[in-house]
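Understanding the architecture of this molecule
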Amino acid sequence: MKSINGHTKTLGLIGYPVGHTLSPVIHNYLAEKYGQELVYVPLPVEPGKLEDALKGAAAFGFPGMNVTVPYKNDVIPLCMEVDELAAKIGSVNTLVWNGMGYKGYNTDVTGLYRAMTEDGVAIEGENVVILGAGGVSRTVAYLMADKKAKHVYLMNRTFEKAAQLAEHVNKDFRQELITPLAYEDHKMLPEGDYLAIQATSLGMSPRTEGVAIEDAEFYRKIKCGYEIIFNPAKTRFMKLVEEAGGVAYNGLKMLLYQGIDAYELWNPVKISREDIEALYEIMKETLGL
Ligand code: ATR
């Protein structure tokens, strides 16, 4: 049991519901490891009470919080300032007290970048396919634009959502970076060696058979598959990429680094490689992976 004393500061996760999070495991482990008097707790906030919750957090002197569904957008107007890329994405998952109010950051995007970099997956100059056009895909699409992918095909079941997201990113960065496409039109994808990022919820445990595209013809063009799902550790998408001769990674490192990045924003520390690796193992164990 963690020692809590009169100086212990509170960090936590705002969302609704927040029961399934791994964040307390991540941050309480790091706080203990780095000898910091912090405790990280779930902070469920009922609909309509977000503003009150933030005022309360400020009054209690919480140095920071994470924010999850359904508040990642709604929290933005309540921030004193917002990081530039987080503002473009329109999604904030980390708040840091700046002395007067909370500054909003997006460590989903920085964490994904750090995870991909560590896995040796380049973005700059690459041709990319993104599967999905929901909240996660939006973060992925902005990262691809920010890190100068050559071209991006954005595919989604609901084509209209892919078209809208593509239009947003193209307006914010440069025209014609992203082309929307329906899954059934995947044969129109020009020949090439693509980086494919799987950002739909298809294939997530317990419905592990799910995948957006089955056709081996599609996977022939994919040299690298990056999966956002971390449970199961190997999704059907990853298997299809590997069967076609590509390499595939799951989303656990993204989850790891969104936590590490948040912790490093809240605290003046740089988490060591050894501790990152130890934490990664603890996360796998906790999830039964
Ligand atoms: P998240 O925040 O995880 O991105 P989301 O915003 O609800 O969640 O987005 C879910 C993504 O998974 C969407 O791209 C969704 O496709 P639609 O926009 O067409 O709904 C995709 N998705 C979920 N269930 C799906 C299914 N059964 N078949 C195809 N795509 C699915």
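Residues numbered from 1 in each chain as written. Predicted model: local features only at pLDDT ≥ 70, side-chain atom pairs only at ≥ 80, totals over all residues. Heavy atoms only, no water.

1. What to know about the side chain of His186
Checked against the element boundaries, His186 lands in the loop between strand S9 (178–182) and strand S10 (194–198). A distance of 3.4 Å separates a polar atom in the side chain of His186 from a polar atom in the side chain of Asp215. If sequence neighbours within four positions are ignored, His186 has contacts with Met155, Ile213, Asp215, Glu217, Phe218 and Lys221. (Helix = DSSP H or I, 4+ residues; strand = E, 2+ residues; numbered from the N terminus. Polar contact = N/O pair within 3.5 Å; in protein donor to acceptor, adjacent residues only side chain to side chain. Contact = heavy atoms within 4.5 Å.)

2. Some details on the sheet that holds strand S6 (residues 102–105)
Strand pairs in the sheet, formed through backbone hydrogen bonds, run parallel or antiparallel to each other. Strand order in the open sheet made by the six strands is S2-S1-S3-S5-S6-S4, with mixed pairing throughout. If you trace the sheet from one side to the other, it starts and ends with strand S2 (38–44) and strand S4 (81–82), each paired once. The strands that helix H9 (residues 252–266) touches are strand S1 (9–15), S2, strand S3 (64–67), strand S5 (94–97) and S6; relative to S5, the one it contacts most, it runs at about 10°. (Pairing = 2+ DSSP bridges. Axes fitted to C-alpha atoms, helices over the stretch in contact; angles between N-to-C directions.)

3. So, the sheet that holds strand S12 (residues 247–249)
The strand order across the open sheet built from six strands is S9-S8-S7-S10-S11-S12, with neighbouring strands paired in parallel fashion. What marks the edges here is a single partner per strand, and that holds for S9 and S12. Taking the axes of each pair of neighbouring strands and ignoring which way they run, one obtains an average angle of 20° across the sheet. Here strand S11 (residues 222–227) pairs with S12 via three bridges, running parallel. By the bridge assignment, Tyr226 is partnered in S12 with Tyr249. Packing against the sheet, helix H6 (residues 159–172) makes contact with strand S8 (151–156) and S9, and its axis sits at approximately 180° to S9. Packing against the sheet, helix H8 (residues 236–243) makes contact with strand S7 (127–131), S10, S11 and S12, and its axis sits at approximately 165° to S11.

4. Some thoughts on the site of the ligand
Contacts to the ligand come from Gly132, Ala133, Gly134, Gly135, Val136, Asn156, Arg157, Thr158, Lys161, Thr200, Ser201 and Leu202. A distance of 2.9 Å separates an oxygen atom of the ligand from a polar backbone atom of Gly135. At 3.4 Å, a backbone N or O of Ser201 approaches an oxygen atom of the ligand. Taking a 2 Å distance to the grid points as the criterion, the majority of the atoms of the ligand fall inside the second largest pocket. Counted by class, the shell around the ligand contains three nonpolar, seven polar and two charged residues. (Near = heavy atom within 4 Å. 1 Å grid on protein atoms, 1.4 Å probe; cavity = no way out; pocket = protein on both sides within 12 Å on 5 of 7 lines; lining within 4 Å. Sits in = over half its atoms within 2 Å of the grid points. Nonpolar A, V, L, I, M, F, W, Y, C, P; charged D, E, K, R; others polar.)

5. Topic: helix H4 (residues 107–118)
Taking 1.5 Å of rise per residue, the 12 residues of H4 would be expected to cover 16 Å, and the 16 Å separating its terminal C-alpha atoms lies within 8% of that figure. Here H4 has its buried residues at Thr107, Asp108, Val109, Gly111, Leu112, Ala115 and Met116. Two or three places before Asp108, at the start of H4, stands the capping residue Asn106, its side-chain oxygen 2.9 Å from that residue's backbone nitrogen. A positive phi of about 75° marks Gly120, the residue just after H4. (Expected span 1.5 Å × (residues − 1). Buried < 20%, exposed > 50% of the residue type's maximum accessible area, 1.4 Å probe, protein only.)

6. Regarding the domain arrangement of the protein
By a widely used convention, the size of an interface equals the accessible area lost when the partners come together. Looking at the assigned domains, one finds that the protein contains domain 1 (9–105 + 253–287) and domain 2 (110–250). On a C-alpha basis, the centroid separation for the pair domain 1 and domain 2 is 26 Å. Taken together, the contact pairs 16 residues of domain 1 with 16 residues of domain 2. Across the interface of domain 1 and domain 2, roughly 1,500 Å² is buried in total on both sides, 57% from carbon and sulfur atoms. Sorting the residues of domain 1 by area buried against domain 2 places Ile89, Lys253 and Met254 first, and these three jointly supply 40% of that buried surface. Linking domain 1 to domain 2 there are five salt bridges. Glu118 serves as the salt-bridge partner of Arg273, at 3.2 Å between the closest nitrogen and oxygen. If you look at where domain 1 meets domain 2, you find nine residue pairs in polar contact (both at pLDDT 80 or more). Elements represented by at least two residues in the side of domain 1 that touches domain 2 include exactly helix H3 (84–89), H9 and helix H10 (273–287). With eight residues, H9 is the largest single contributor of residues to the side of domain 1 that touches domain 2. For the side of domain 1 that touches domain 2, the residue count by class is nine nonpolar, one polar and six charged. (Domains from an automatic or database assignment. Buried area = accessible area lost by both parts, 1.4 Å probe. Salt bridge = Lys/Arg side-chain N within 4 Å of Asp/Glu carboxyl O.)

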